[in-house]
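Spelled out, the chains give:
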Amino acid sequence: MPPLDPQVRAAVVAAGERAREVLTPQCLTAWQERDAAARPRPTLDRLRDGGRFEVEEVRVARADGEGDVTLVSARPTGVREALPLLYYLHGGGMVTGNAWSVLPRLLRAWALPLRLAVVSVEYRLAPRTRFPGAVEDCHAGLLWAAEHADALGVDARRVVIGGKSAGGGLAAALALLARDRGTAAPVGQLLLSPMLDDRGDTFSGHQMAGHDTWDRTSNATAWQALLGDRYGAADLSPYAAPARATDLSRLPAAYVDVGSAETFRDEAVAYANAIWQAGGEAELHVWPGACHGFDTIAPHAALTHDAHNARTHWLRRVLQR
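Parameters at a glance
- Residues numbered from 1 in each chain as written.
- Predicted model: local features only at pLDDT ≥ 70, side-chain atom pairs only at ≥ 80, totals over all residues.
- Heavy atoms only, no water.
- Helix = DSSP H or I, 4+ residues; strand = E, 2+ residues; numbered from the N terminus.
- Expected span 1.5 Å × (residues − 1).
- Buried < 20%, exposed > 50% of the residue type's maximum accessible area, 1.4 Å probe, protein only.
- 1 Å grid on protein atoms, 1.4 Å probe; cavity = no way out; pocket = protein on both sides within 12 Å on 5 of 7 lines; lining within 4 Å.
- Points joined across faces, edges and corners; volume = space filled by probe spheres on them.
- Nonpolar A, V, L, I, M, F, W, Y, C, P; charged D, E, K, R; others polar.
- Phe/Tyr/Trp six-rings, centres within 6.5 Å; stacked < 30°, edge-to-face > 60°.
- Lys NZ or Arg CZ within 6 Å of the ring centre and 35° of its normal.

**Re helix 6 (residues 133–147)**
Okay, step 1: If you check helix 6, its first and last C-alpha atoms are 21 Å apart, about what 15 residues at 1.5 Å a residue would give, namely 21 Å.
Okay, step 2: The buried count for helix 6 comes to eleven of 15 residues, which makes it a mostly enclosed element.
Okay, step 3: Along helix 6, the residues classified as buried are Gly133, Ala134, Val135, Asp137, Cys138, His139, Ala140, Gly141, Leu142, Trp144 and Ala145.

**Some remarks on empty space enclosed by the protein**
Okay, step 1: For the structure shown, the criterion picks out two cavities of 30 Å³ or more.
Okay, step 2: In this model, the largest cavity occupies a volume close to 50 Å³.
Okay, step 3: Lining the largest cavity are Met94, Phe131, Pro132, Ala134, Val135, Gly169, Leu170, Ala173, Leu226, Tyr239 and Ala240.
Okay, step 4: For the lining of the largest cavity, the element with the highest residue contribution is helix 8 (residues 166–181), accounting for three residues.
Okay, step 5: By residue class, the composition of the lining of the largest cavity is ten nonpolar, one polar and no charged.
Okay, step 6: Estimated volume of the second largest cavity: approximately 40 Å³.
Okay, step 7: Lining the second largest cavity are Ser73, Ala74, Arg75, Leu85, Ala117, Val118, Val119, Leu152 and Val154.
Okay, step 8: When residues of the lining of the second largest cavity are traced back to their parent elements, those giving at least two are strand 2 (68–76) and strand 4 (117–122).
Okay, step 9: Residue composition of the lining of the second largest cavity, by class: seven nonpolar, one polar and one charged.

**Things to note about the packing of aromatic side chains**
Okay, step 1: All told, the structure shown has one aromatic pair when counted by the stated rule.
Okay, step 2: Seen in terms of ring centroids, Tyr255 and Trp314 are 5.6 Å apart; in terms of plane orientation they differ by 50 degrees. Their pairing is tilted. In this pair, Tyr255 is assigned in strand 7 (residues 253–259) and Trp314 in helix 13 (residues 302–319), connecting sequence segments 59 residues apart. Just as Tyr255 is buried, Trp314 falls in that class too.
Okay, step 3: Seen from the ring of Trp31, Arg34 lies directly overhead, with NZ or CZ sitting 5.6 Å from the centre.

Structure follows, in structure tokens:
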């Protein structure tokens, strides 16, 4: 097993059993209830941070007519020119997480220093909503943002879709879906430890079983929740599991990062390689000694600092083209 970075290892040890807890079908409901109770969900007033940001919630009709998708839109206060947009999809294994909790970090890390707007998507979670509910929610929100760019004060020609873990997988799927439907043309896709492959049969998936903070058992449970009886199907759509895609041409520039000591390592590396083979653009970082979620578990580690800087540099380059 690849060794953990010393600072990351210390943070994992300090986190105790919670960092090693495994998600199973038997504990999924309790896992979701605990996450909903414990995960911070800041109010709009708190997100405005004393007036530093303009923040509002928008409800967008779903394509299937089943209610609305909630988008949380935020931008630095007092900036009147059209800003680039980071369209962000939260993590949580497709079964937990929310659009509000990720915003404080995104606003602090990127909205202010890069002068960009952020839209965070409250997509439907599994198993209550199975594929394609979540990716269709994300697509409906992206279309709305593009169509209402002037009202949002954003530049529709400078949109990056991004996310972490499940959100990274959804961002990759959304890039494929938007390309194939011809509905949007983001300039970049920011894929952070993306959840791409339902099959769970990579070397790193087996290697990190029982070791990573999100291991093969947890991953299989999440995919089963999302796909139901389609789990493992030979003809599964790439909009569900982007690793299933056979055509990765004509995609927006990709940033892919992953840890050397995490379950998703090999599927992330393979995805970047497949983009290159299709003639596309991808920047790949494999962070040595990083487990899944290392930057959340060890926010002050040197490795986390390096990863943040690399992501920020890529965002700046892509948005300035």
